[in-house]
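Remarks on the overall topology
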Amino acid sequence: MYNKMERKIRASVPAKVILFGEHFVVYGKRALATAINRRLTVDVSSREKKGYHVKIENIPTFGIEMDLEVGKEDRDEKGKALLYKDYENATKAIAYVRESIRYLEERYGAGEGGVEVEIKSQIPLSAGLGSSAATCVATIAALKEYFGVSSDLEGIREDAHRIEKAVQGDASPVDTAISTYGGYVSVEKGEVRRLRLAGLNLIVGCVSSIPLSMGIDTKKVSELSLKTKKIVAEVKGRKGIFKSIFDCIFDAADEITVQAIRAIEEGDFIKLGVLMNINHGLLDAIGVVPRGLSELVKMSQASGALGAKVTGAGGLEEIGGVGSVLVLPGESGERIKTAMEIAGALGMDVKTGGEGLKIDAV
Ligand code: PMV
């Protein structure tokens, strides 16, 4: 099946945000997620030497530039890839690339030769914006195209979901669906459904994956990759103890998602903002809002936002409170972004509902 080509294949995919229902969705409640106009691009091309050469540049939060050779002749005696330039545990960021390469070989019998994989991302890592899924979708899509393995979008989504699961042990289907299809999806009882809704202008505020003030603490960096898993497990523990209370909170969250979809359909931004604030309160109630993210939300609300909430898994104090908030800014966008900057967070204007996977020969 090996098919050496001189051309360069470029796959680009969007980041995602969860608008409503994170955590509650794990227990079958409804959630709403959307693509945003922050993208990750994977270029695949040939190179002289055999094996893979992988380079990742993560643009918004830090300049990790990391090269990894995974060609068979470049493995150590245990078969592990040899690193020659790295912030040690930051290699986890490319576990997804390595798994994509392995999967391609195993599933499609493709992937031999000398291959250059270059990833450029505008998606902060471990911030709940779907950088892992974006990496899986764009990498497998680019590799399949490069090696002439024909595929429709659904095939790519399924492959990417399997790859993400193989690396993480578990993964919700939401992120890979958004990165593949773009737009909006609702999730209910694990079922992902595509929705047609108008785009919204929002601000995402990130307590970035490696706060520069903390320096590069490799232990913290490696814990970050397990953040979602850890927080989901903590929620499960609390839910076990306070079952009847959590059941009420979870039902309320489900109803919020239903009403939020209606509010977007009706263009009722005042109502949408209030629903975001209530959703945030529920996330705080289940214990996933660290101080830094709480402050970003309060500050945004006090600066005139129509609504603000944590998005994604939330954060943990012991790993730097890393995570993201989502703000419906109303007329106060500039003020909110300035306040975020002063607080040391990364504030990004985003538009929801963006385009999904794009593949080009460049
Ligand atoms: O922060 P993220 O993008 O990993 O979002 C996690 C969302 C959860 O609902 C907490 C977990 C899940 O699998 O849906």
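Everything in this summary refers to the structure shown in the same document.

Definitions and limits used
- Residues numbered from 1 in each chain as written.
- Predicted model: local features only at pLDDT ≥ 70, side-chain atom pairs only at ≥ 80, totals over all residues.
- Heavy atoms only, no water.
- Helix = DSSP H or I, 4+ residues; strand = E, 2+ residues; numbered from the N terminus.
- Buried < 20%, exposed > 50% of the residue type's maximum accessible area, 1.4 Å probe, protein only.
- Contact = heavy atoms within 4.5 Å.
- Areas by Shrake-Rupley, 256 points an atom, 1.4 Å probe, with all protein chains shown as cover.
- Salt bridge = Lys/Arg side-chain N within 4 Å of Asp/Glu carboxyl O.
- Near = heavy atom within 4 Å.
- Polar contact = N/O pair within 3.5 Å; in protein donor to acceptor, adjacent residues only side chain to side chain.
- Nonpolar A, V, L, I, M, F, W, Y, C, P; charged D, E, K, R; others polar.
- Domains from an automatic or database assignment.
- Axes fitted to C-alpha atoms, helices over the stretch in contact; angles between N-to-C directions.
- Parallel < 35°, antiparallel > 145°, perpendicular 65-115°, else oblique.
- Left-handed = near helix turned anticlockwise from the far one by under 90°.
- Core = buried A, V, L, I, M, F, W, Y, C linked by side-chain atoms within 4.5 Å.
- Pairing = 2+ DSSP bridges.

This part takes up the overall build of the protein. The number of helices and strands found in the protein is 10 helices and 13 strands. Per-residue burial over the protein gives 54% buried out of 362 residues. Once local pairs closer than 6 in sequence are excluded, the contacts in the protein between residues at least 24 apart make up 75%. When the accessible surface of the protein is summed, it comes to about 15,600 Å², and 51% of that surface belongs to carbon and sulfur atoms.

Another point: the pattern of salt bridges. Where side chains of opposite charge bring their charged atoms close, a pairing between them can arise. Summed over all chains, the structure comprises 21 salt bridges. Close ionic contact of Lys-29 with Asp-251 constitutes a salt bridge, the shortest N to O distance being 2.9 Å. With Lys-29 in the loop between β1 (9-20) and β2 (31-46) and Asp-251 in helix α7 (residues 243-266), this pair connects stretches of sequence that are 222 residues apart. For Arg-30, the salt bridge identified is with Asp-254, shortest N-O distance 2.7 Å. Linking Arg-30 in the loop between β1 and β2 with Asp-254 in helix α7, this pair joins segments that are 224 residues apart in sequence.

What follows deals with the site of the ligand. In the vicinity of the ligand, 13 residues are found, and the nearest of them are Lys-16, His-23, Ser-172, Thr-228 and Ala-313. Contact between the ligand and His-23: an oxygen atom at 2.8 Å from a main-chain N or O atom of the residue. Thr-228 is positioned with one of its side-chain polar atoms (N or O) 2.8 Å from an oxygen atom of the ligand. Surface burial for the ligand is 85%, taken as the share of its 380 Å² of free accessible area covered by protein chains. Of all the secondary-structure elements, those providing two or more residues to the shell around the ligand are β1 and α6 (227-241). Its residues assigned to classes, the shell around the ligand shows five nonpolar, five polar and three charged. Mapped onto the domain boundaries, the shell around the ligand takes at least three residues apiece from domain 1 (9-198) and domain 2 (201-351).

Where helix α1 (residues 95-108) meets helix α3 (residues 153-168), the closest approach of the two axes is 9 Å, and the angle between their N-to-C directions is 120 degrees. Regarding the angle of α1 to α3, the classification is oblique. When the axes of α1 and α3 are compared, the crossing they make is right-handed. Across the interface between the two elements, Ala-95, Tyr-96, Glu-99, Ser-100, Tyr-103, Arg-107 and Tyr-108 from α1 touch Asp-159, Arg-162, Ile-163, Glu-164, Ala-166, Val-167 and Gln-168 from α3. Of the residues assigned to the contact of α1 with α3, the class counts are seven nonpolar, two polar and five charged.

The subject of this paragraph is the nonpolar core. Side chains that are nonpolar tend, in soluble globular proteins, to be buried together. Ranked by internal contacts, the top residues of the largest apolar core, which has 89 residues, are Leu-19, Phe-20, Tyr-52, Val-117, Leu-129, Phe-147 and Ile-286. Taken domain by domain, this core gets at least three of its residues from each of domain 1 (9-198) and domain 2 (201-351). Ranked by size, the runner-up nonpolar core spans nine residues in total, among them Ile-18, Val-25, Ala-33 and Val-187.

Moving on, we come to the environment of Val-327. When you line up the elements, Val-327 lands in strand β11 (residues 323-328). The buried category is assigned to Val-327, whose relative accessible area is 0%. Residues Val-327 and Thr-311, 16 residues apart in the sequence, show an inter-C-alpha distance of 9.5 Å. What Val-327 contacts, discounting residues up to four positions off in sequence, is Leu-202, Ile-203, Met-276, Ser-300, Ala-305, Gly-307, Ala-308, Ile-336 and Met-340.

Another aspect to go through is the packing of α3 against helix α4 (residues 173-181). Where α3 contacts α4, the two axes come as close as 9 Å, and the packing angle between them is 145 degrees. Judged by the twist between their axes, the crossing of α3 over α4 is right-handed. Touching Leu-153, Glu-154, Arg-157, Ala-160, His-161 and Glu-164 of α3 are Pro-173, Thr-176, Ala-177, Thr-180 and Tyr-181, all from α4. Its residues assigned to classes, the contact of α3 with α4 shows five nonpolar, three polar and three charged.

Among the five residues of strand β7 (residues 184-188), four are classified as buried, and the element is accordingly described as predominantly covered. Summarising the sheet, β2 and β7 pair through four bridges and their orientation is antiparallel. The partner of Thr-34 across the bridge, within β7, is Tyr-184. Taking the residues that link successive antiparallel strands as the turn, the β7-strand β8 (residues 191-195) hairpin has two residues, and the phi of Lys-189 there is positive, at about 50 degrees.

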